[in-house]
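Fold and geometry: a report
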Amino acid sequence: MFRKLGCFYAECGTLMNVFIAIDIIPSADAAINNSLGFVGACVVVALILFWYYFLPFFWRSRASTFLKQKRFEAAIRAFDKALKISPHDAKLWFGKGVTLHRVGRLNESVEALRRAEELEPSQTGVAFELAQVLRSQRHYRLSLEEIDRAIILSSSPFNAMLTRCAIKIEGQMFEEAERDCDSLIALEIESIDAETYNLRGVARLALGKIDDARADFETSYLLDPQVIETRVYCAAVWYRRNLFSQTVLLCDSVLRIDEKNALAFYYRGLAERSLGRDEEAERDLKKSRELKQGSPIDTMIQVRRQDLF
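Residues numbered from 1 in each chain as written. Predicted model: local features only at pLDDT ≥ 70, side-chain atom pairs only at ≥ 80, totals over all residues. Heavy atoms only, no water.

Within the secondary structure layout, arginine 135 lies in helix α6 (residues 124–136). At 2.8 Å, the side chain of arginine 135 forms a polar contact with the side chain of glutamine 132. (Helix = DSSP H or I, 4+ residues; strand = E, 2+ residues; numbered from the N terminus. Polar contact = N/O pair within 3.5 Å; in protein donor to acceptor, adjacent residues only side chain to side chain.)

Have a look at this one:
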């Protein structure tokens, strides 16, 4: 903004010189000269406003429209056009970084978000989004540094604290995650208690604290039955990390509560197959297919909407 104003004032200074020149040149008709000078000034000011303000606003609006239409590559091109005119606009860099993250261009996303962070270091949203991108790259320590920044900058840091627990679980820092969940639960914030108990249960399950984990899972379910989907997603993450025994245990904890959870059957079946339990695996995978066909909503899509892993 200040750079834009600087350019604007520079142009205005040029115009003032033009006015002075017009005033000191003898003329048969000073009124005509003054009118021409005024018209010229208006044209230049209009061009400046068009270039520095209208065009960036136009391309930002186009990018927003493309995002609503899920035309992500078009949105990125619109952000690029706006940034050619306003390269010091942190909001444009942030929008581009978020969009690049959505299409999986993670390295470019980090670069754009770092630029936004340099321009506006106090923005919580930038730190939070950068933490998520680094997490997608499995740079967990760097991700935690950014989420810690978000916690410091935020006036209401509890969701960022919850995300920190999730990042530590995904990075297999289970003891640290358990301690963070303990601290968060001690705050007694009702809106996030269910998710916190759920995550602590996942961490405890990984640490072999089976009974404590089950108690946390039961508590989280009582507080919010929908939180069970996050636990299923944890199972998906663990399966991808080749933690097959833990995946089976986690899916068991889901199916004790929700006997028709297709995704829990699916990941338990995959984990059992990896453990060499072919008969059990085939039974679970068959059950998963049956439940999925009979459900009006794809459970896989529901779980992918979760933003914890």
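Turning our attention to the nonpolar core. Counting residues in each nonpolar core, the largest one holds 46 residues, and the members touching the most others are Ile169, Leu199, Val202, Trp238 and Leu250. Considering each element in turn, this core owes the most residues, 8 residues, to helix α12 (residues 228–240). Membership of the second largest hydrophobic core comes to 15 residues, among which are Ala74, Ile76, Ala82 and Leu83. (Core = buried A, V, L, I, M, F, W, Y, C linked by side-chain atoms within 4.5 Å. Buried < 20%, exposed > 50% of the residue type's maximum accessible area, 1.4 Å probe, protein only.)

On the surface, a cluster of positive charge is made up of Arg62, Arg71, Arg77, Lys81 and Lys84. Looking at which element gives the most residues to the positive patch, the answer is helix α3 (residues 72–85), with 3 residues. Structurally, the position occupied by arginine 62 is in helix α2 (residues 30–68). The exposure class of arginine 62 is partly exposed, given its relative accessible area of 32%. (Patch = residues over 30% accessible without salt bridge, like charges linked within 9 Å, V, L, I, M, F, W, Y side chains within 5 Å. Areas by Shrake-Rupley, 256 points an atom, 1.4 Å probe, with all protein chains shown as cover. Salt bridge = Lys/Arg side-chain N within 4 Å of Asp/Glu carboxyl O. Lys, Arg positive; Asp, Glu negative; His and termini not counted. Charge placed at Lys NZ, Arg CZ, Asp CG, Glu CD.)

The backbone of lysine 70 shows a phi angle near 60°, a positive value even though the residue is not glycine. Along the chain, lysine 70 turns up in the loop between α2 and α3.

Because each turn of an α-helix spans 3.6 residues, side chains separated by three or four positions end up pointing in the same direction. Here helix α14 (residues 262–274) contains 13 residues, and its C-alpha end-to-end distance of 19 Å stays within 8% of the 18 Å for a straight helix at 1.5 Å per residue. Of all 13 residues that make up α14, 10 are buried, and the element is covered over most of its length. Inspection of α14 places Ala262, Leu263, Ala264, Phe265, Tyr267, Arg268, Gly269, Leu270, Ala271 and Glu272 among the buried residues, and these make up the whole buried set. At the exit of α14 stands glycine 276, carrying a positive phi of roughly 85°. (Expected span 1.5 Å × (residues − 1).)

Here we come to the pattern of salt bridges. The tally for this structure, following the rule as stated, stands at 25 salt bridges. Linking arginine 164 and aspartate 148 is a salt bridge whose minimum nitrogen-to-oxygen distance equals 2.9 Å. A residue pair is termed long-range when its members are at least 10 positions apart, and arginine 164 in helix α8 (residues 158–170) and aspartate 148 in helix α7 (residues 140–153) qualify at 16 residues. Among the residues examined, aspartate 148 registers a relative accessible area of 30% and is labelled partly exposed. It is possible to trace a salt-bridge network through shared partners that takes in Arg141, Asp148, Arg164, Lys168, Glu176 and Asp180.

All right, on to the packing of aromatic side chains then. Summed over the entire model, instances satisfying the criterion amount to 4 aromatic pairs. Residues tyrosine 239 and phenylalanine 244 carry aromatic rings whose centres are separated by 5.6 Å and whose planes lie at 55° to one another, so their mutual orientation is tilted. With a centroid separation of 5.0 Å and 75° between ring planes, the pair formed by tyrosine 266 and tyrosine 267 is classed as edge-to-face. For tyrosine 266, a relative accessible area of 29% puts it in the partly exposed group. These aromatic residues form a ring-pair network of at least three members: Tyr239, Phe244, Tyr266 and Tyr267. (Phe/Tyr/Trp six-rings, centres within 6.5 Å; stacked < 30°, edge-to-face > 60°.)

Attention now goes to the packing of helix α9 (residues 174–186) against helix α10 (residues 190–206). At a minimum axis separation of 9 Å, α9 and α10 run at an interaxial angle of 155°. The angle between α9 and α10 places the two elements in the roughly antiparallel class. You can see that α9 and α10 cross each other, and the crossing is left-handed. Residue-level contacts link Phe174, Ala177, Glu178, Cys181, Asp182, Leu184 and Ile185 of α9 to Ile192, Asp193, Thr196, Tyr197, Leu199, Arg200, Ala203, Arg204 and Ala206 of α10. Across the contact of α9 with α10, the residue classes break down as 10 nonpolar, 1 polar and 5 charged. (Axes fitted to C-alpha atoms, helices over the stretch in contact; angles between N-to-C directions. Parallel < 35°, antiparallel > 145°, perpendicular 65-115°, else oblique. Left-handed = near helix turned anticlockwise from the far one by under 90°. Contact = heavy atoms within 4.5 Å. Nonpolar A, V, L, I, M, F, W, Y, C, P; charged D, E, K, R; others polar.)

So, on to the confidence of the model for the protein chain. On average, residues of the protein chain score 79 in pLDDT, and 76% of them are at 70 or above. Segment residues 7–11 is flagged for pLDDT under 50; beyond a separation of four residues in sequence, or across chains, it makes 6 contacts in the model. Long-range and interchain partners of residues 296–309, a stretch whose pLDDT sits below 50, account for 30 contacts in this model, where long-range means more than four residues apart. (pLDDT = per-residue confidence, 0-100.)

The next point concerns α8. Relative to the 18 Å expected for 13 residues at 1.5 Å per residue, α8 spans 19 Å between its end C-alpha atoms, a close match to the ideal helical length. Within α8, 11 of the 13 residues are buried, which leaves the element mostly enclosed by the surrounding structure. Buried within α8 we find Ala160, Met161, Leu162, Thr163, Arg164, Cys165, Ala166, Ile167, Lys168, Ile169 and Glu170. Packing partners of the buried residues in α8 comprise α6, α7, α9, α10 and α12.

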